[in-house]
Amino acid sequence: MLEIRWHSRAGQGAVTGAKGLADVVSTTGKHVQAFAFYGSAKRGAAMTAYNRVDDAPIMNHEKFMAPDYVLVIDPALVYVADFTAFEKPDTTYIITTHMTTEELIASQPKLEGKKVYTVDCIKISQETIGKAIPNTPMLGALMKVSGMYEMDFFKENMIRVLKKLPQKIIDANMIAIQRAYDEVK
Amino acid sequence: MADTMELRDIEVWDGNMAAAQALRQAQVDVVAAYPITPSTPIVEGYATFKANGYVDGEFVMVESEHAAMSGCIGAAAAGGRVATATSSQGFALMVETLYSASGMRLPIILNVVNRAIGAPLNVNGDHSDMYMGRDSGWIQLDAYNPQHAYDLNFIAFKVAEDHDVRLPAMVHQDGFMTSHTAQGVCTLSDEVAYNFVGEFQPMNDMLDLDHPVTHGVQTEEDWHFEHKARQQHALMTAVMPKIEAAFAEFEALTGRKYNVVETYQMDDAQTAVICMGTSVETAMEVVDELRAQGIKAGVVGIRVFRPWPLEQLAEILKNVKAIGTLDRSSPHGTVGTLYNEIAGSLFNTGVKAVLNNYIYGLGGRDLTKAHLVGIYQDLQANAESGTLTTPLQQYIGLRGPKLSFF
């Protein structure tokens, strides 16, 4: 079982990102689950979304999760959200920030000694899609760090997932995914 | 003629999308709806499919859930395939009209995305609304995941519209835990799905002007009892065989097998948890882990909540030594609903299982695997001592001091 927790602000697309990832993974014959904590949270409120991936059908519906990957798509959440909750010794963090990985760890000591990768999904999405929707670039970074799928396969499937959007937006998302894949460190 | 939608063999859908797709594939004639979280995407989905030409039907926007079900009743009496969706306070506002629908023998399908009932206000899932419907005369089917939410809608139409049944049916799913959780759903093609449900066959339809009928009559003391007795007779005798036949036909078509009562590792189980919704599947996973340690634990899931499968449960539970009934609803002044139902099912059977009750997951509170392990430990102690070793009713996952009653 592979388990992923997203930390996001409502409106940044973590639910869409989690569901998109589940959709792509499902095409490879694996079983998937994507869900989120909602509540009456309004746009901008801190929230979490989740993915489970397994070879067998996923029967577990508990919200509790000790994640293999933590994806933080809003730069401020590493200072205000409990993003290390229920971490495992080998939990991998991919964090959106304008800082280098070293600068980030210096500013947030909870990350010391952890497997930490950084990428500026906010900047990438602003420069490609035209607004701060950091979900798809984070998936590009996850593909690089996890080695889950080849980039061509992933992008081909993401085009299908995003097919209801205008072609211009789909193209911009593909550039954003590729940039995050190339830029994550 | 509605357009056909091409679906992949497995779509990643949440429970709401699964239900909306089923309403489209059943080609529901009328949806009268007043959306409420977390069921909103079901009727929104139907409306979108209709606007895009994928369904021939009518979407009626109304001013309340009371009006939504009233609109469904009118459309069903007129002679069409009718469905809607609701949750929580919306369900509560519908209650008066639910009794009208079942008393008038109108086969409406209501998708209930189970949600807590306030106060305090809470959009998350528990079974308070589902339990509120249990005396309303509706058939109640319970889904544990998005696949079930999809499949059980087809079953519901087929059973409810059968002329030997003619009763409305609810398809329940857990708010957010199923309705907003995306999982792989094995799809049917539009043609296969529609053919399974079949063409709607009207009965005493008001729009058949050559054969005028009266719906919603006043009977007073003279005939009220006979009407209610006939309704109960249909619910008690006609429904279960039709559900079982529909399950069998659905299995032959899809390979997916449903049972009136779902069981997991119950053949030699000494302890069993009985629950509904997503909790059933989480408990199955916990049982796998307990079995690996040699603990003979099992799970019983209620698939058909109304009519209540009393005889099936008595048979399944006859050799179990300790049973934990899990209720995701505050019973407000007594034991939980499943405790009452199971106690009633076993009372005359000679089964001497120790029975206790857990109240859990109110307002969406997480039921963790660790909670379930603790429950099975209680049950193991009860099985070994042959008597209650805990209070009869315990609260699970509650913050603060332990709460229990009886």
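Bear in mind that the values here come from a model prediction, so they are computed numbers and not experimental data. For every chain, the first residue of the written sequence is number 1, and numbering continues from 1 onward in sequence order. Labels are handed out in written order, letters beginning with A for the chains and numbers beginning with 1 for the ligands. In view of the model being predicted, local features appear only for residues whose pLDDT reaches at least 70, and side-chain atom pairs are presented and counted only at 80 or more, with totals across whole chains, interfaces and linings using the full set of residues. Side-chain metrics rest on all non-hydrogen atoms present in the structure, leaving aside hydrogens and water.

Caption draft 1: Here's a closer look at the overall build of chain A. Helix and strand assignments come from DSSP, with helices taken as H or I runs of at least 4 residues and strands as E runs of at least 2, each series counted from the N terminus. Tallying secondary structure elements over chain A gives seven helices and six strands in all. Of the regular secondary structure in chain A, the N- to C-terminal order runs β-α-β-β-β-α-β-α-β-α-α-α-α. Here the C-alpha atoms of chain A give a radius of gyration of 15 Å, agreeing with the 16 Å that 2.2 N^0.38 yields for 185 residues. Its C-alpha atoms give chain A principal-axis dimensions of roughly 40 × 40 × 35 Å. Across the 185 residues of chain A, 54% fall into the buried class. In this description, contact between two residues means that some pair of their heavy atoms is separated by no more than 4.5 Å. Considering only contacts within chain A whose residues lie at least 6 apart along the sequence, 62% involve residues at least 24 apart. Split by element, the accessible area of chain A, about 8,100 Å² in all, is 55% carbon and sulfur. Charge centroids of chain A, computed over 22 positive and 21 negative side chains, lie 7 Å from each other. The globule rule used here is 2.2 Å times the number of residues to the 0.38 power, and the radius of gyration it is set against is calculated over C-alpha atoms. Only protein chains enter the accessibility calculation, which uses a 1.4 Å probe; a residue is then buried when its area is under 20% of its type maximum, exposed when over 50%, and partly exposed in between. To measure how exposed things are, a 1.4 Å probe is used in the Shrake-Rupley method; for residues, cover is taken only from the protein chains shown. When charges are counted, neither His nor the chain ends are considered; positive counts come from Lys and Arg and negative counts from Asp and Glu. Each charge is placed at NZ for Lys, CZ for Arg, CG for Asp and CD for Glu.

Caption draft 2: Layout of the interface of chain B and chain A. Contacts between the two partners involve 25 residues from chain B and, on the opposite side, 19 residues from chain A. Salt bridges, as used here, are contacts in which a Lys or Arg side-chain nitrogen is within 4 Å of a carboxyl oxygen on Asp or Glu. If you look at where chain B meets chain A, you find two salt bridges. Put simply, Asp14(B) and Lys19(A) hold a salt bridge, and the shortest N to O gap is 3.0 Å. Polar contacts, as used here, are pairs of N or O atoms within 3.5 Å; protein pairs need one atom able to donate a hydrogen and one able to accept it. Residues neighboring in sequence count only if both atoms are side-chain atoms. The interface formed by chain B and chain A contains eleven residue pairs in polar contact (both at pLDDT 80 or more). For the side of chain B that touches chain A, the elements supplying multiple residues, two or more each, are strand 1 (10-13), strand 8 (182-186) and helix 9 (278-292) of chain B. Ranked by residues supplied to the side of chain B that touches chain A, first place goes to helix 9 of chain B with five residues. Under the scheme applied, nonpolar residues are Ala, Val, Leu, Ile, Met, Phe, Trp, Tyr, Cys and Pro; charged residues are Asp, Glu, Lys and Arg; polar residues are all the others, including Gly. Taken together, the residues of the side of chain B that touches chain A break down into nine nonpolar, ten polar and six charged. In this analysis, strands are considered paired if DSSP registers two or more bridges between them. As paired elements, strand 2 (residues 31-36) of chain A and strand 8 of chain B share two bridges and run antiparallel to each other. Bridge pairing in strand 8 of chain B links Ala34(A) to Ala182(B).

Caption draft 3: View of helix 4 (residues 121-128) of chain A. Residues and elements named next belong to chain A. Along helix 4, the residues that are buried comprise Cys121, Ile122, Ile124, Ser125 and Thr128. One side of helix 4 holds all its buried residues, which, seen down the axis, span an arc of 165°. Turning to helix 4, the residues buried within the fold contact strand 5 (92-96), strand 6 (115-119), helix 5 (135-146) and helix 7 (167-183). Just past helix 4, the residue Gly130 takes up positive phi, approximately 100°. The directions considered for the arc run from the helix axis to the C-beta atoms.

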